[in-house]
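# Coordinate inspection notes
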Amino acid sequence: MKNKKLYRILNYTLPIVTVIMIVVVYAIISKVVGVELITPSVGSTLKEFFAMFGKGDFYKAVGGTLWRAFIAYILSFVLAFALATLTKFWKPLRRAFSPIVALVRVLPTMSLILLALIWFNSFQSTVLVAFFVIFPMLYTGFCDAIEGVDKDLIEMSRVYGVDKRRLVTQLYIPQALPSVFTCIKSSVGLNLKLVISAEVIAQTADSMGLYMQLAKINLDTAVLLAWTMVAILLGGVIEGIVTLIEKRTVRWL
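Presented here is a report on the structure given in the accompanying data block. (Residues numbered from 1 in each chain as written. Predicted model: local features only at pLDDT ≥ 70, side-chain atom pairs only at ≥ 80, totals over all residues. Heavy atoms only, no water.)

Looking now at the packing of aromatic side chains. Counting across every chain of the model gives 13 aromatic pairs. Seen from their ring centres, Phe49 and Phe53 are 5.2 Å apart, and the 80° between their planes marks the pair as edge-to-face. A relative accessible area of 6% places Phe49 in the buried class. For the ring pair Trp67 and Phe70, a centre distance of 5.9 Å and an interplane angle of 20° mean the geometry is stacked. (Phe/Tyr/Trp six-rings, centres within 6.5 Å; stacked < 30°, edge-to-face > 60°. Buried < 20%, exposed > 50% of the residue type's maximum accessible area, 1.4 Å probe, protein only.)

Structure, rendered in structure tokens:
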């Protein structure tokens, strides 16, 4: 009982201690460098961070970025899930589709961003860049999750004449879901980072990436760090929501 209580306490306190240590190390570096333009103080960075919440443009930028990230992820998720399911039951399709997935996976992200900017507008390009990186990750993860279902249980279900609906709901979904959530958690934060990176280069209107680019042009490092903090917090919140959904879903199953 004591070990469980200690583990629970450490589980909550250690991440906080790590964050505090990072802030302290940065504060020391900022003090040693002594140039506000290069390493602004923690105080000035926090001042810019909290000042953002009083500006209407801040919410437009955050909302625009989250909307583009949502569209990119939903497109990636739906297509990856549909193709992973189809290739499970039709093996030739998986072999035919594997070169395309491999090609998309190795495409340089920067080249992809630049090409997208030539061919599409700034909104479409940010969505497509995230899609082309996240889709192969989800597709491979979903394929592995489906293939990881216990084959002996599948064979036993067939022997006993279990109908397909029960086979899917009571065998495939419960066994594949933990791996699916692992794949989602590893990709959802990356999706947000990719969208912001594309926004920086595309200078997309009403986006976090645009304001980061403007801060860099104006050499306003404190503002750039403040926007970075916002991106980190958003990524953490999104991953936290996915973790909460996972716990509720796995418990329900």
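Along an α-helix, residues three or four apart share an orientation, since each turn contains 3.6 residues. Every buried residue belonging to helix H9 (residues 208–217) is among Met208, Gly209, Leu210, Met212, Gln213 and Ala215, and all of these are buried. The positive-phi residue at the C-terminal boundary of H9 is Leu219, with phi of around 55°. (Helix = DSSP H or I, 4+ residues; strand = E, 2+ residues; numbered from the N terminus.)

Interhelical geometry of helix H5 (residues 109–119) versus helix H6 (residues 122–147) gives an angle of 145° and a closest axis separation of 9 Å. The way H5 lies across H6 gives a crossing that is right-handed. Where H5 approaches H6, its residues Thr109, Leu112, Ile113, Ala116 and Leu117 are matched on the opposing element by Ser125, Val129, Phe132 and Val133. Class assignment for the residues of the contact of H5 with H6 results in seven nonpolar, two polar and no charged. (Axes fitted to C-alpha atoms, helices over the stretch in contact; angles between N-to-C directions. Left-handed = near helix turned anticlockwise from the far one by under 90°. Contact = heavy atoms within 4.5 Å. Nonpolar A, V, L, I, M, F, W, Y, C, P; charged D, E, K, R; others polar.)

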